[in-house]
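# Report on the structure
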Amino acid sequence: MRCMTWMQPLHAEQTIDTMTETPAPYRVTPNADYHADYAPAAPPAQLPRAPLRLSCVVPAHNEEANLEDFVRALAQAAGRLTPEFEIIIVNDGSRDATHAVALRLAQDLPVRYLALSRNFGKEAALTAGLAHARGSAVLLIDADFQHPLELLPEMHALWLAGYDMVYGVIVDRGFESGTKRVGTGLFYRLINTGKQVKVPPNAGDFRWMDRRVADALNALPERNCFMKGLYAWVGFKAAALPFVPHDRAGGQTSFSMRRLGSLALLGLTSFTTLPLRVWSIVGSLVALLALVYGAWITLDTILHGTDLQGWPTLAAGIMLFSGVQLMSIGILGEYIGRIYEEVKRRPTYLVARDEDNSPWRDS
Ligand code: UDP
Ligand code: MG
C-alpha cells in the first residue's frame, strides 16, 4: 500500500494507475484523494462496469425549507451523469411540510417517496433508503445542501475506475466548537483501537457505493445501525474525497451535542470492547495495590506494633472503589442494553407510505 498522508492530493497520473484494469478514459481528476491508511486491502471491482443506474438516497427530517430546491438540483446533477436515476426521499417523521413537498416532487420527478411512521433517526432513514434502492450504484446525500453536488462527477469517475465506495471526508472542522472537536478526536481514537475495522475520521454519510456494497450493508442483521462503522466493516475498495461542507441552506441541524453523544456511545459499544477491557485492567491493578498495602500494614503491625490507625484511608478507599465499581457496572450496562435492543428483534424502521415514481417501479 502506498504510504501518504491523506491530505496530500493525488495527481492524475498517480491516481488509480496502480489498479491495473483501469481503462484510460476513466482517469480521475487531480484533486482526488486516497485515504490510504484506512483503505481496506480489497481487490478493485471487475471492469468495465455495467451502465450506471443511480439511486440517490436523501434522508429528510424537517427539511421543508430545503427539500424542493435540493431535490431539483440533485435531479439535474444526477441527470448529467446518467439518464437512468431515481431519487429516494426518506421522510424521517418530519413535523413540518416535508411530507407535502415530497409528495409534490414525486409527481414530476423520478422520485420514490418513503414516509417512515415516526422519527427513527438518520441511521434508520439511511437504512430504509438503502433497502429500497434498485440502482447499480447508490448515493447517500443530505437534504440541506451541505454535501456538495459538484463532487458527483468525481465520485462517478472513481466508481468507474474500480472503487466500490467513495466517501466524502470533511476537511474543515474550523467552524465547530473546541469541545466538539476534542470529543470527535477522542471518539475516533477509541473506536479505532481495534485492529480490524478502521473508521476513517471525519468521514460522514456522503457516499457513493456500488451495488455490491449496498447488498452487503442490506444483508447485515443488526438493528442498532451505526452506519459509519458498518461502512468500514463491510470493507471493499474505498476512496476518500476531501470536501469542505457548505453552510446549511435553511432550517437547522437535528444533531444537538446530546444526540451526538448518544450516537458516539452507540458507535463505541457496537465497534469496540475496549471499555470493558479497561475495567478488567483497572480491577487487577486495584487488587494488586490492595494486596501490597495489606502486606505493608501487616508487617508494620508485627515489626513496630503500631495500633490500628488510618480510618480516613479506609473511608477514602471505600468511596473511591465504590465509584470505580459503579462506573464499571454502568459500562457493562451500556453493552447489556445494546444486547437487549438486538434480541428484541424489532425492525429498524417502519414505512407508513411508499409513493413510487421511479423509472424502475415495476422491477
Ligand atoms: N435527518 C434525518 N433524521 C433525523 C435527523 C436528521 O433523516 O432524525 C436528516 C436531515 O434531514 C439531513 C441529514 O439527516 O438531511 C443530516 O442532518 P443534519 O443536517 O441535521 O445534521 P448535521 O449536518 O448537522 O450533522
Ligand atoms: Mg446538515
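Position numbers for residues count from 1 along each chain, tracking the sequence in the order it is written. To read the labels, note that chains go from A and ligands from 1, taken in the order they are written. The predicted origin of the model limits local features to residues at a pLDDT of at least 70 and limits the giving and counting of side-chain atom pairs to 80 or more, whereas totals for whole chains, interfaces and linings rest on all residues. Hydrogen atoms and water are omitted, and side-chain values are computed over all heavy atoms in the structure.

## Comments concerning the packing of aromatic side chains
We apply this condition: Ring pairs are drawn from Phe, Tyr and Trp, using the six-membered ring of Trp, whenever the two centres fall within 6.5 Å, and their geometry is named by plane angle: stacked under 30 degrees, edge-to-face over 60, tilted for the rest. Labels follow the DSSP assignment, with helices taken as runs of H or I lasting at least four residues and strands as runs of E lasting at least two, numbered in each case from the N terminus. Each residue's exposure class comes from its accessible area (1.4 Å probe, protein chains only) as a fraction of the maximum for that residue type: buried when under 20%, exposed when over 50%, partly exposed otherwise.
The full count for this structure, using the stated rule, is seven aromatic pairs. When the centroid spacing of 5.2 Å and the interplanar angle of 90 degrees are considered together, the rings of Phe70 and Phe145 count as edge-to-face. Taken as a pair, Phe70 in helix H1 (residues 67-81) and Phe145 in the loop between strand S4 (137-140) and helix H4 (152-160) lie far apart in primary sequence, 75 residues in all. Between Trp159 and Trp208, the ring centres sit 6.1 Å apart and the planes meet at 50 degrees, which makes this aromatic pair tilted. Note that Trp159 is positioned in helix H4 and Trp208 in strand S6 (residues 203-210), a separation of 49 residues in sequence. Taking relative accessible area as the criterion, Trp208 reaches 0% and is therefore assigned buried. Members of the aromatic cluster, each reached through a chain of ring pairs, are Phe187, Tyr188, Phe226 and Phe271.

## Focus: the nonpolar core
Our working definition: In this text, buried Ala, Val, Leu, Ile, Met, Phe, Trp, Tyr and Cys residues form a nonpolar core when linked through side-chain atoms within 4.5 Å. In this analysis, two residues are considered to be in contact whenever any of their non-hydrogen atoms come within 4.5 Å of each other.
Grouped together as the largest cluster of nonpolar side chains are 44 residues, with contacts concentrated most on Leu54, Leu67, Leu74, Ile87, Leu139 and Trp208. At eight residues, H1 tops the list of elements feeding residues into this core. Dropping the residues within four chain positions of it, Leu139 is found in contact with Leu54, Ser55, Cys56, Val57, Leu74, Leu152, Met155, Phe206, Arg207 and Trp208. Counting 31 residues, the second-largest nonpolar core is a separate cluster that includes Leu140, Met209, Leu220 and Val234.

## Observations regarding the site of ligand 1
Filter applied, for reference: For this purpose, a residue is taken to be near a molecule or strand whenever a single non-hydrogen atom of the residue falls within 4 Å of it. What qualifies as a polar contact is a pair of N or O atoms within 3.5 Å, subject to a donor-acceptor requirement within protein and to the restriction that residues adjacent in sequence count only when both atoms come from side chains. The Shrake-Rupley method, run with a 1.4 Å probe, gives the accessible areas here. Residue values count only the displayed protein chains as cover. Three categories are distinguished: nonpolar for Ala, Val, Leu, Ile, Met, Phe, Trp, Tyr, Cys and Pro, charged for Asp, Glu, Lys and Arg, and polar for the others, with Gly belonging to the last.
Every one of the 18 residues lining ligand 1 counts as a neighbour, but Glu63, Asp92, Asp144, Thr253 and Ser254 are closest to it. Here Glu63 contributes a side-chain N or O atom positioned 2.6 Å from an oxygen atom of ligand 1. A distance of 2.7 Å separates an oxygen atom of ligand 1 from a polar side-chain atom of Arg259. Relative to its unbound accessible surface of 530 Å², ligand 1 loses 88% to contact with the protein. Contributing elements (two or more residues each) for the shell around ligand 1: strand S1 (54-60) and helix H3 (122-132). When the residues that make up the shell around ligand 1 are grouped by side-chain class, the tally is five nonpolar, six polar and seven charged.

## Comments concerning the confidence of the model for the protein
Just so we agree on the cut-off: Within a predicted model, pLDDT stands for the predictor's per-residue confidence, ranging from 0 to 100.
When the pLDDT values of the protein are averaged, the result is 83; 89% of them are 70 or greater. Across residues 1-33, where pLDDT falls below 50, the model places 68 contacts with residues more than four positions away in sequence or in other chains.

## Topic: unusual backbone geometry
For the peptide bond that leads from Leu47 to Pro48, omega is -5 degrees, which places it in the cis range. Its place among the elements puts Pro48 in the segment before S1. Unusually for a residue other than glycine, Asn202 sits at a positive phi of about 60 degrees. Secondary-structure assignment places Asn202 in the loop between helix H5 (178-191) and S6. A positive phi angle is found at Arg345, which is not glycine, with a value near 55 degrees. Classification of Arg345 by relative accessible area gives exposed; the value is 55%.

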